[in-house]
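Structural overview
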Amino acid sequence: QGARTEVERAEAVARRQSGSRASLAVLALERGNLALEFNWLAEAERQYVRAERLTIEKEVRQAAQYGMGVVFFRRESYHRAQVALEHLLEGSLTRQHAAETRLMIGQAASRRGDTATAHRAFSQALDTLRALGAVPHEAEALGRLGDLEAGAGHSLVAESLYHRGLTRLGARPVPAV
């Protein structure tokens, strides 16, 4: 509740000081992220749509579009999530953001039962994350591939992928992914 109050105060200040559309868009994006954190999906959707409408900045637009993909995913509208996220890939994302987007596409495809698309998305994400040295996300991709293999009844392959992911992590502390 405290974070929500702070964002509301910041937005009120921005409006009083003739806040630019750009600053209001960033605040809308943050409100959407906060709503998503608390699983207030309708509010998150409203704020992401608002952020996208107000912004002229590519990064804010992409973050709002990614947030919408997550909203669709959480609503179990996996096809809409996949379409929204694939559309996002058509833009110019950083390699890290493209890989994270592919992880979400893979999850949506997997939930829809499209294991071929899921496998392709996870594998592409894994290759990029490995090249970037993004070990926690790389381990997540290996785990997602392991889940696909386990679901297909390939327990030894799944176990190997899980082991590879844990080995990559080692004993280092890992942020939430």
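Because the structure is a prediction, the values reported are computed rather than measured.

Attention shifts here to the pattern of salt bridges. For the structure shown, the criterion picks out six salt bridges. In this structure, the salt-bridge partner of Arg 75 is Glu 45, at a minimum N-O distance of 2.5 Å. Placement of Arg 75 in the loop between helix 4 (58–74) and helix 5 (78–89) and of Glu 45 in helix 3 (residues 41–54) is noted, with a sequence separation of 30 residues between them. Note on Glu 45: relative accessible area 23%, which makes it partly exposed. Among the ionic contacts, a cluster of salt bridges with common partners joins Asp 127, Arg 130, Glu 138 and Arg 168.

Position of Glu 140 relative to the elements: it lies in helix 8 (residues 135–151). By relative accessible area, Glu 140 is classed as buried at 14%.

As a further point, take helix 3. With 14 residues, helix 3 ought to run about 20 Å at 1.5 Å a step, and its terminal C-alpha atoms sit 20 Å apart, in line with that. Taken as a whole, helix 3 has its buried residues at Leu 41, Glu 43, Ala 44, Gln 47, Tyr 48, Arg 50, Ala 51 and Leu 54.

Where helix 6 (residues 95–111) contacts helix 8, the two axes come as close as 11 Å, and the packing angle between them is 20 degrees. It follows from the interaxial angle that helix 6 and helix 8 lie roughly parallel. Judged by the twist between their axes, the crossing of helix 6 over helix 8 is left-handed. For the pair helix 6 and helix 8, contact is made by Gln 96, Glu 100, Leu 103, Gln 107 and Ser 110 and by His 137, Glu 140, Ala 141, Arg 144 and Leu 148, respectively. A class-by-class count of the residues in the contact of helix 6 with helix 8 yields three nonpolar, four polar and three charged.

What follows covers the packing of aromatic side chains. Taken as a whole, this structure holds two aromatic pairs when the rule is applied. Aromatic side chains Phe 38 and Trp 40 sit 5.0 Å apart centroid to centroid with 20 degrees between the ring planes, which places their arrangement in the stacked category. Taking relative accessible area as the criterion, Phe 38 reaches 43% and is therefore assigned partly exposed. With 5.2 Å between their ring centres and 65 degrees between their planes, Phe 73 and Tyr 78 make a pair best called edge-to-face. Here Tyr 78 falls in the buried class, since its relative accessible area comes to 13%.

It is worth spelling out the nonpolar core at this point. With 26 residues, the main nonpolar core has Leu 29, Leu 36, Ala 44, Tyr 48, Val 71 and Phe 73 as its most contacted residues. Secondary-structure elements contributing two or more residues to this core are helix 2 (21–37), helix 3, helix 4, helix 5 and helix 6. By residue number, the principal contributor to this core is helix 4, which donates seven residues. Once you skip the residues sitting within four places of it in the chain, Ala 44 turns out to touch Gly 32, Ala 35, Leu 36 and Val 71.

A few words now on unusual backbone geometry. Although it is not a glycine, Asn 39 sits at a positive phi angle of roughly 65 degrees. Structurally, the position occupied by Asn 39 is in the loop between helix 2 and helix 3.

Let us look at the environment of Glu 30. Structurally, the position occupied by Glu 30 is in helix 2. For the pair formed by Glu 30 and Ala 51, sequence separation is 21 residues and the distance between their alpha carbons is 8.9 Å.

Quick notes on the rules
Residues numbered from 1 in each chain as written. Predicted model: local features only at pLDDT ≥ 70, side-chain atom pairs only at ≥ 80, totals over all residues. Heavy atoms only, no water. Salt bridge = Lys/Arg side-chain N within 4 Å of Asp/Glu carboxyl O. Helix = DSSP H or I, 4+ residues; strand = E, 2+ residues; numbered from the N terminus. Buried < 20%, exposed > 50% of the residue type's maximum accessible area, 1.4 Å probe, protein only. Expected span 1.5 Å × (residues − 1). Axes fitted to C-alpha atoms, helices over the stretch in contact; angles between N-to-C directions. Parallel < 35°, antiparallel > 145°, perpendicular 65-115°, else oblique. Left-handed = near helix turned anticlockwise from the far one by under 90°. Contact = heavy atoms within 4.5 Å. Nonpolar A, V, L, I, M, F, W, Y, C, P; charged D, E, K, R; others polar. Phe/Tyr/Trp six-rings, centres within 6.5 Å; stacked < 30°, edge-to-face > 60°. Core = buried A, V, L, I, M, F, W, Y, C linked by side-chain atoms within 4.5 Å.

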